[in-house]
Amino acid sequence: MSERPVVSFRDVHLSFDRPILRGVSFDLQAGQTKVVLGGSGSGKTTILRLILGLLKPESGSVKVDGTEVTGLSEEELRDVRLKVGMVFQEGALFDSLTVGENVGYRLNEDAALGPDEVEARVREMLGYVGLAPFYDHRPSQLSGGQRRRVAVARALVARPQLMLYDEPTTGLDPITATTITDLIVKVRDLDGVSSILVTHQLRDAFNVARTSVRREGETVVNTVADDLRAADGTGFLMLREGRVHFEGTPYELQASSDEYLREFLS
Ligand SMILES: Nc1ncnc2c1ncn2[C@@H]1O[C@H](COP(=O)(O)OP(=O)(O)OP(=O)(O)O)[C@@H](O)[C@H]1O
Ligand SMILES: [Mg+2]
């Protein structure tokens, strides 16, 4: 992917029974993570749905990898969606399908891949998220954290350039949540996938910001920065009353004296 932003919002407006987004602008640069914060109903999931072209803005521009999403045909939208992996709020797995079938779903739907290639790709993805032995299990046989990892594998299976995570750690205990945030970092740092992370869990957002992962030969090394100033691959964006109330680095967020932010952070 080139220098242009992976996602670009310009003055986006959208209302349902009331105005939800009232002039939202931001850019996500390649290889970076944008954490989207905001109260319930502030429009976080709406932003993800706009990126996927599931909703249209009333005005303003939504670009994905340089392509204006608004006004595309369903077929053109499919090409955009192939670049994007979405982890839905609650994971949203199909309980009637096995783990392997869940992960392979998009490949079976879209692609010209044969069944053996699909199975190989699915097994590779399950290995990547640490769930290789669960190929034939049902989602109901897994823990909450394992189900979230299946949802991540399903989103990654078509090798997207952009991952959208909607509350991927909500309802998980802190240790299990860390397995998810480590996975988000791995996808970002080892595979160079850009991401938008919607979350209420500031602890998890800061974990994503301060952790980095690199390969050293056969091993994968995790580093956690003590100093938030080093965590510059992650931008934070806070929505409030339809507008971007704050945008900045994790360090700027933590150091901010803005009253609304302080209350949200406390
Ligand atoms: N299809 C729709 N029709 C009507 N109203 C909608 C629709 N989708 C969302 N809304 C409303 O838009 C507002 C923003 O919804 P959104 O799902 O983006 O919030 P959110 O920030 O993700 O909240 P949460 O943290 O609870 O997930 C909410 O008030 C919601 O009720
Ligand atoms: Mg939501």
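Residues numbered from 1 in each chain as written. Chains lettered and ligands numbered in written order. Predicted model: local features only at pLDDT ≥ 70, side-chain atom pairs only at ≥ 80, totals over all residues. Heavy atoms only, no water.

All right, on to the overall build of the chain then. Of the regular secondary structure elements, the chain holds nine helices and twelve strands. Its C-alpha atoms give the chain a radius of gyration of 18 Å, within 12% of the compact-globule value 18 Å for 266 residues. Dimensions of the chain, computed from the C-alpha atoms along their principal axes, are close to 50 × 45 × 35 Å. Sequence separation of 24 or more characterises 63% of the internal contacts of the chain that already satisfy a separation of 6 or more. Split by element, the accessible area of the chain, about 12500 Å² in all, is 47% carbon and sulfur. (Helix = DSSP H or I, 4+ residues; strand = E, 2+ residues; numbered from the N terminus. Rg over C-alpha atoms; globule rule 2.2 N^0.38 Å. Contact = heavy atoms within 4.5 Å. Areas by Shrake-Rupley, 256 points an atom, 1.4 Å probe, with all protein chains shown as cover.)

It is worth spelling out the site of ligand 1 at this point. Near ligand 1 you find 13 residues, and of these Arg 18, Ser 40, Gly 41, Lys 44 and Thr 46 are the closest. Contact between ligand 1 and Ser 40: an oxygen atom at 2.5 Å from a side-chain N or O atom of the residue. Contact distances for ligand 1 include 3.2 Å between an oxygen atom and a backbone N or O atom of Ser 42. Within the complex, 63% of the 630 Å² of free accessible area of ligand 1 lies under protein. Of all the elements, helix H1 (residues 44-51) adds the most residues to the shell around ligand 1, at three residues. Looking at the shell around ligand 1 residue by residue, the class counts come to two nonpolar, nine polar and two charged. (Near = heavy atom within 4 Å. Polar contact = N/O pair within 3.5 Å; in protein donor to acceptor, adjacent residues only side chain to side chain. Nonpolar A, V, L, I, M, F, W, Y, C, P; charged D, E, K, R; others polar.)

So, about H1. Among the eight residues of H1, six are classified as buried, and the element is accordingly described as predominantly covered. Inspection of H1 places Lys 44, Thr 46, Ile 47, Leu 48, Leu 50 and Ile 51 among the buried residues, and these make up the whole buried set. Once H1 ends, the next one or two residues include Gly 53, with phi positive near 70 degrees. (Buried < 20%, exposed > 50% of the residue type's maximum accessible area, 1.4 Å probe, protein only.)

Read across the sheet, four strands follow the order S2-S1-S4-S5 without closing on themselves; strand pairing throughout is antiparallel. A single partner strand is all that each edge strand has here, and the edge strands are strand S2 (19-28) and strand S5 (67-68). Two elements, strand S1 (residues 7-15) and strand S4 (residues 59-64), share five bridges in a ladder whose sense is antiparallel. Counted as the bridge partner of Arg 10 is Ser 61 from S4. (Pairing = 2+ DSSP bridges.)

Take the domain arrangement of the chain next. Domain annotation of the chain identifies domain 1 (7-83 + 163-265) and domain 2 (93-159). Between the C-alpha centres of domain 1 and domain 2 there is a distance of 24 Å. At the interface, 17 residues of domain 1 touch twelve residues of domain 2. It is Leu 82, Met 163 and Leu 183 in domain 1 that bury the most area against domain 2; as a group they hold 38% of the surface buried on that side. (Domains from an automatic or database assignment. Buried area = accessible area lost by both parts, 1.4 Å probe.)

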